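What the coordinates show
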Amino acid sequence: MGSVTVDDILEDLPASLCRLISRPSPTDSPVAQALILDSEETDRDVAGALVCLMGVRGRAALPMVRRLAQSRPVAVAVKGTTGEALEIEELLRAAGVGLLLVEPSSGWDTFLSVANGRIQTTDYHSDVLALIQEDLFAIAQTTAKMTSSHVVIEDAANKVLAYSTVGNDLDELRRASILSRRGPRKYEALLKDLGAYRELHRSRGVVRVPERQEDALKERAAVAIFAGERVLGYIWLQETGSGFAPGIDAVLVGAARRAAAELVRHRNQQSVHLREDAIARLLSTPDEATASAQFSRIDPERPACLLLVGLSHEDQRSADAELKHGELANLASIRAAAFKDSAVVGQHQGQTAVIVPDLRSDSPEAALRVLADAVVKDAREHLGLKVHVAVGEVAPTLTALRSTSVETAALLRAMRVNGSQQVATLDDFEAEIMLDEVIRGLDASPFRHRALTRLCLEEEELARTLRGYLDSGLDVGECARRLNLHRNTVYYRVAKASRLTGLDFSQPAHSTIALLHLELWASRRLSSPAGRA
């Protein structure tokens, strides 16, 4: 177990919750646990503990303090005022035991949560801690891009866990909190007086704090990070220009849900090896999908949908494609969490995958398109990316979602080839998907039409004209218009291609064979049979 001192715990506690009256001796005495004792407990082992005295306050705690002083805990926390604690301090100081004075109106659960959270943190594997920090910083950075604001993520004790890239437009509060890794206590008290924290806990929604020039504070928006009824922390936005734009509430709610998932994992001390891809598990066998769903408190018998988000061909081929993939996944996860708190985001076949479970609407397709449109819009405006979102078929149950994944992946491929449509369902590209599947089958086959293959590989001008002719539905005039050719030129080239290949393109079977070979040629996947391994 790592070494945590009373000063370490005090650093995480809000200024309004407690004050340090005296330090233990020696001051670096390690705290192994935080305990609550009442007046009836006299035989508890308190060595190495921070002891919280429940049910008594002020001078009424003196009998318990006298007994504890002999057992030498590291420190004692008691409720009361400074005047009421004078004799307690004297007793404990003589025994080398520290004293924390807790605000009488506060609850012990908050105090213990912060204290135990700091103590337990030292047992986490360092790689898990690094991973958690990376995830929270990614959430902060993505949220900042989506809201054009400065973002800070704090824990329940206002300790800074992560923040977005620092600019020159920070106010005094944000600059000080980043430098010291926690909000200055005078500002914590000010925000408390303004009722910000009370409203965050009560509403569970986004709370706005107006600009206060007299206190050098810019306008803020915040949301609490909840796990059930428990507050794990807060996300704060500081405006950086002319105030907040409409629509930041959904982004903040999504960011809070994503942060909650990371903080819960952090508190559960899950190892890196347990960070299996949730998408892969949910798209696995029915038994594994059900087990994974139950672990995540998802109803496996409710309808679900798979969305695949892919970069455009241009972005996919860029040197920083991996970085773009990561930024896109972070953005999609925030939007998905805002849409449905049980949404799962991960990777599937190299693309960003979003599983939206527990769908309760009779016809959720329209709502899923709205989610997809939001991802496309945010990626364009905040990341400068063109992306395609394939909205798969809604499966009747989560365990049946696996059967839709192949079609959804095929839909995304067809969308990327088409290039123009950024959000689509199977209904939009069903014919193109079927054609692609047939072409993929031909690609895997050792058989080729030999004369047609030679034409494609050796007569590029003829191949291009023939493809335009087939794409135009065998309409010479339309083909000439598309390729900017004279009609007679089209007639001549199609006739020559027919003569060289022995195919009559007016026959459906022959035109289909030509179309499949030309599609392979256009995608640079066509090779002669002799040249194939």
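Please refer to the structure placed before this passage.
An account of the accompanying structure is given in this report. Quantities reported herein were computed from a predicted structural model and do not represent experimental measurements. Every residue gets a number counted from 1 within its own chain, in the order that chain's sequence is written. Per-residue local features are limited, in this predicted model, to residues with pLDDT of at least 70; the limit for side-chain atom pairs, both in listing and counting, is 80 or more; totals at the level of whole chains, interfaces and linings are taken over all residues. In computing side-chain values, all of the structure's heavy atoms are included and hydrogens and water are not.

A few points about the pairing of strand β14 (residues 387-391)
Among the 5 residues in β14, 5 count as buried, and that is most of the element. In this analysis, strands are considered paired if DSSP registers two or more bridges between them. Numbered from the N terminus, helices here are DSSP runs of H or I no shorter than four residues, and strands are runs of E no shorter than two. Where strand β11 (residues 305-311) and β14 come together, 5 bridges link them in antiparallel fashion. Of the residues in β14, the one forming a bridge with Val309 is Val389. Crossovers are described as right-handed under a simple rule: with the strands pointing away from the observer, the path leading from the first strand over the helix to the second runs clockwise. Read from β14 through helix α15 (residues 405-418) to strand β15 (residues 423-424), the crossover connection turns out left-handed. Only protein chains enter the accessibility calculation, which uses a 1.4 Å probe; a residue whose area is less than 20% of its type maximum is buried, one above 50% is exposed, and one in between is partly exposed.

Concerning the pattern of salt bridges
Only one rule defines a salt bridge in this text: a Lys or Arg side-chain nitrogen within 4 Å of an Asp or Glu carboxyl oxygen. Evaluation of the coordinates by the stated rule reveals 20 salt bridges. For the salt bridge of Asp7 with Arg23, the shortest nitrogen-to-oxygen distance reads 3.0 Å. With Asp7 in helix α1 (residues 6-12) and Arg23 in the loop between β1 (18-22) and β2 (33-37), this pair connects stretches of sequence that are 16 residues apart. Assessed through its relative accessible area of 29%, Asp7 is described here as partly exposed. Here Lys324 makes a salt bridge to Asp315, at a shortest N to O gap of 3.1 Å. Through salt bridges with shared partners, one network takes in Arg302, Asp358 and Arg360.

Describing the pairing of strand β7 (residues 160-163)
The pairing of strand β6 (residues 149-155) with β7 spans 3 bridges and is classified as antiparallel. Each bridged residue has a counterpart across the sheet, and for Val152 the counterpart in β7 is Tyr163. Count of turn residues in the β6/β7 antiparallel hairpin: 4 residues, of which Asn158 carries a positive phi of about 65 degrees.

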